[in-house]
Amino acid sequence: MQKRKLSAALALMISAQILASCGSEGAPETTTSGDTDTSDEATENVTTTTTAEIPDDLPEKNYDGKTFSVLTYNTIKDDYVTDGENGEVVNDAIYHRDQTVSERFGVNIEYNAENDFNGTASEIKKSVMSGDDAYQLVAHHVISMGTIATDGLFMNWYDVPYIDFSKPWWAKSTTEDLTYGGDKVAIAIGDYALSALSGTYCYFYDKKIAEDYHLEDLYKVVNDGRWTLDYVKNTVKNMYTDLNGNGEKDSYDFYGLTQSLGSPLETYFYSFGGKVFNQDKDGIPTLVYKSERTADIISEVYDLCYETDGVTTEREQYTASVHEIAAEAFRDELTAFAPGILRMTTKHFRDKKNEYGILPYPKLDETQKEYKTMVDGSHAVLAVPKTVQDTEFVGIITEALNAESHRQVFPAYYEVALKKKYTYDDESVKLLDEIVDSRVFDFGYVYDAWKGFGMYTQKIVGEKRSKDFESYYATHCNASIKHYDKIIKSLSELD
């Protein structure tokens, strides 16, 4: 296990620097291009505050160096742990977030990172079952969290003082999808979980290739509500070039759409309005997965992947994970469109030659009112071990860390790294706002634990290469339903 501490003494040493950039609650002002003067020159040179500071309504406390310990895992450790400022905007924002909270409340923020999410799950269980108040907060892999959700390890968030889910740093799905009976929730999603932003699914498109093929303005298509599955199919069906000249369609050729398998397939289920659970009138999660719409969605995704000209799922030349081969093909201009997550902008596209735009996942058809998306299952969710002794302390520091992530880290990642450095047009910026706002955290996916219905699309279409929903469901549904029954029972008994 790796540990890193931010001491109150260190925070005090740099407090002058922090306070120089802080607002009324000790938080730096969010700055973007000014909007009072719309001239080109003014837009280039003026940076002013454009969003009002939202107070966190936390009391003034000084904990005199008390340690606040967070447990996570190595893959997402960089969302929390830094070695200090290094000039990278996101790294520095994370550093200043922790410094702000540390200085304001006089706390040591300690991070503990297991090698992988299995190790983190084991460490949580060992700590809580031994009655040890070792960790005040867990920021853990969402699907792995579902594997331990019935073990009675976590507190009810509604029993943690000063946690306010009405604040914008908490995802709406925490109350709308993940709460049981209106007052019980074990897993919450806040802005402190940066991966819940960076793991958001979208469509990337190559602007030069779009111009070469004389495609219409795709931003207008989206805004008109015409960005649908059929529109995508009709757009890419004639986009193919035999680059290696062997007379065969293979993974080295150019295609209109490269479709990664795995989670990028599952996203279609949610983007097409599919649901595993809904809350009933009493706020109880109710299973709604088995439906004609679900069967239709799986059939449509199969048709896109394997029966649509201009689409490939094969890129044997790349060693990326099954979730990311489209990103590498997109980087190398071998495809016009690539579904992927926002993190790919910094992971794969830094050296991409052509400019690109960002679009939402398509709707199933034009009768669907809204664009929707999901977040990759590697993202973190937040939970409080039930062994914590000082719930007020945990509530104040957790709320502060989420608030400061909203004020400092999200703007750095979203507005600077994504909008300004790695994208090229205002239309993509606007659509990014809408894509992030459209994130769905379905109860059935969050608590899937590799046992539920949350990944059936990728299993049927991606792994089985089938569209036979009914037979797959009939074979596997009993085990999935039993799994969810345990989850719901556990939530109903949450202290």
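Residues numbered from 1 in each chain as written. Predicted model: local features only at pLDDT ≥ 70, side-chain atom pairs only at ≥ 80, totals over all residues. Heavy atoms only, no water.

A closer look at the overall build of the chain
Put simply, the rule is: The helix count covers DSSP runs of H or I at least four residues long, the strand count covers runs of E at least two residues long, and both are numbered beginning at the N terminus. Partly exposed residues are those whose accessible area sits between 20% and 50% of the maximum for their type, while under 20% is buried and over 50% is exposed, using a 1.4 Å probe and protein chains only. Contacts between residues were defined by any pair of non-hydrogen atoms, one from each residue, lying within 4.5 Å. For the accessible areas, the method is Shrake-Rupley and the probe is 1.4 Å, while residue cover comes only from the protein chains on display.
Along its length, the chain carries 20 helices and 17 strands. Buried positions account for 59% of the 495 residues belonging to the chain. The long-range share in the chain, meaning contacts at least 24 apart out of those at least 6 apart in sequence, stands at 78%. When the accessible surface of the chain is totalled, it reaches about 20300 Å², and 46% of it is carbon and sulfur.

Quick notes on helix α13 (residues 292-306)
Note on helix geometry: an α-helix contains 3.6 residues per turn, so any two residues three or four positions apart are oriented the same way. Heads up, the condition is: Helix span, expected: 1.5 Å multiplied by one less than the number of residues in the helix. Think of it as the arc spanned by the lines of direction from the helix axis to the C-beta atoms.
Here α13 contains 15 residues, and its C-alpha end-to-end distance of 21 Å stays within 8% of the 21 Å for a straight helix at 1.5 Å per residue. Residues of α13 that are buried: Thr294, Ile297, Ile298, Val301, Tyr302, Leu304 and Cys305. Buried residues in α13, looked at end-on, bunch into an arc of 160 degrees, giving them a common side. Along its buried surface, α13 packs onto α11 (229-236), β9 (254-258), α12 (263-271), β12 (311-312), α19 (456-463) and α20 (469-492).

Describing the nonpolar core
Counted only if it meets this: Side-chain atoms within 4.5 Å are what join buried Ala, Val, Leu, Ile, Met, Phe, Trp, Tyr and Cys residues into a set we call a nonpolar core.
Residues Trp157, Trp227, Phe337, Leu359 and Ile397 are the most contacted members of the largest nonpolar core, which totals 149 residues. Here this core takes 14 residues from helix α16 (residues 391-421), the largest share from any one element.

Considerations on the side chain of Asp177
What counts, and what does not: Within 3.5 Å is the distance limit for a polar contact, defined as a pair of N or O atoms, with the added protein rule that one can donate a hydrogen and the other accept it, and that residues adjacent in sequence qualify only through two side-chain atoms.
Considering the arrangement of structural elements, one finds Asp177 in the loop between α7 (173-176) and α8 (195-198). The class for Asp177 is buried, based on a relative accessible area of 13%. Here the side chain of Asp177 touches Lys275 through a polar contact of 3.2 Å, side chain to side chain. Contacts of Asp177, omitting those with residues within four sequence positions, involve Lys275, Gln279, Phe441 and Phe443.

Quick word on the packing of α19 against α20
Applicable threshold: Throughout, an axis means a line fitted to C-alpha atoms (over the contacting stretch in the case of helices), and angles, computed between N-to-C directions, take values from 0 to 180 degrees. Any angle between 65 and 115 degrees counts as roughly perpendicular, while under 35 counts as roughly parallel, over 145 as roughly antiparallel, and the rest as oblique. Throughout, a crossing is termed right-handed when the near helix is turned clockwise from the far one, and left-handed when it is turned anticlockwise from it by less than a right angle. Ten residue types, Ala, Val, Leu, Ile, Met, Phe, Trp, Tyr, Cys and Pro, are classed as nonpolar, four, Asp, Glu, Lys and Arg, as charged, and the remainder, Gly among them, as polar.
Where α19 contacts α20, the two axes come as close as 11 Å, and the packing angle between them is 140 degrees. Considering their axes alone, α19 and α20 lie oblique with respect to each other. Considering the relative orientation of α19 and α20, their crossing is right-handed. Where α19 approaches α20, its residues Tyr456, Lys459 and Ile460 are matched on the opposing element by Phe469, Tyr472, Tyr473, His476, Cys477 and Ser480. Its residues assigned to classes, the contact of α19 with α20 shows 6 nonpolar, 2 polar and 1 charged.

So, α11
α11 sits mainly inside the fold: 6 of its 8 residues count as buried. Taken together, the buried positions of α11 are occupied by Leu229, Tyr231, Val232, Lys233, Thr235 and Val236.

Section: the environment of Leu243
Tracing the sequence through the fold places Leu243 in the loop between β8 (240-241) and β9. For the pair Leu243 and Asp253, spaced 10 residues apart in sequence, the C-alpha to C-alpha distance is 4.9 Å. When residues no more than four places from it in sequence are discounted, the contact partners of Leu243 are Tyr252, Asp253, Phe254 and Leu334.

Topic: the pairing of strand β7 (residues 201-206)
Threshold: Only strands joined by at least two bridges in the DSSP assignment are considered to pair.
Among the 6 residues of β7, 6 are classified as buried, and the element is accordingly described as predominantly covered. Across the two faces of β7 the burial is the same, with Tyr201, Tyr203 and Tyr205 and Cys202, Phe204 and Asp206 all buried. Sheet topology places β7 next to strand β13 (residues 335-341); 5 bridges connect them, and they run antiparallel. Within the sheet, the bridge partner assigned to Tyr201 lies in β13 and is Ile341. Here β7 runs beside strand β14 (residues 356-359); their pairing, made up of 4 bridges, is antiparallel. Its bridge partner being in β14, Asp206 is matched across the sheet by Tyr356.

Regarding the confidence of the model for the chain
What counts, and what does not: pLDDT measures how confident the predictor is about each residue, on a scale from 0 to 100.
Per-residue confidence for the chain gives a mean pLDDT of 89; residues scoring 70 or more make up 89%. Here residues 1-52 is a poorly scored stretch, pLDDT under 50, and it has 92 contacts once near neighbours within four places are set aside; other chains count.

Considering the environment of Phe154
For Phe154, the location among the structural elements is in the loop between α6 (142-147) and α7. When sequence neighbours within four positions are dropped, the list of residues in contact with Phe154 reads Ile124, Val138, Met145, Ile148, Ala186, Ala383, Val384, Pro385, Lys386 and Leu494.

Thoughts on unusual backbone geometry
A positive phi is found at Glu333, a non-glycine position, where the angle reads about 60 degrees. If you trace the backbone, Glu333 turns up in the loop between α14 (325-331) and β13.

Details of the packing of aromatic side chains
Our working rule: When the centres of two rings from Phe, Tyr and Trp lie within 6.5 Å, Trp using its six-membered ring, the rings pair. Their planes under 30 degrees apart give stacked, over 60 give edge-to-face, and anything left gives tilted. Note on geometry: a ring has a charge over it if NZ (lysine) or CZ (arginine) is within 6 Å of the ring centre and within 35 degrees of the ring normal.
The final tally for this structure, using the stated rule, is 44 aromatic pairs. For the ring pair Phe453 and Tyr484, a centre distance of 5.8 Å and an interplane angle of 45 degrees mean the geometry is tilted. Note that Phe453 is positioned in the loop between α18 (443-446) and α19 and Tyr484 in helix α20, a separation of 31 residues in sequence. One exposure class covers both Phe453 and Tyr484, and it is buried. Above the ring of Tyr473, the side-chain terminus of Lys290 is found at 5.6 Å from the ring centroid.

Thoughts on the pattern of salt bridges
Applied cut-off: A side-chain nitrogen of Lys or Arg and a carboxyl oxygen of Asp or Glu constitute a salt bridge if their distance falls within 4 Å.
Under the definition given, this model contains 30 salt bridges. Between Asp390 and Lys66 there is a salt bridge whose closest N-O contact spans 2.8 Å. Of the two residues, Asp390 sits in the loop between β16 (380-383) and α16 while Lys66 sits in strand β4 (residues 66-73), which places them 324 residues apart along the sequence. Judged by its relative accessible area of 27%, Asp390 is partly exposed. Look at Lys66 and you get partly exposed, because its relative accessible area is 32%. Across the pair Glu216 and Arg226 runs a salt bridge, and its minimum N-O distance is 3.1 Å. Highlighted residues: Glu216 in the loop between α9 (207-212) and α10 (218-223) and Arg226 in the loop between α10 and α11, separated in sequence by 10 residues.

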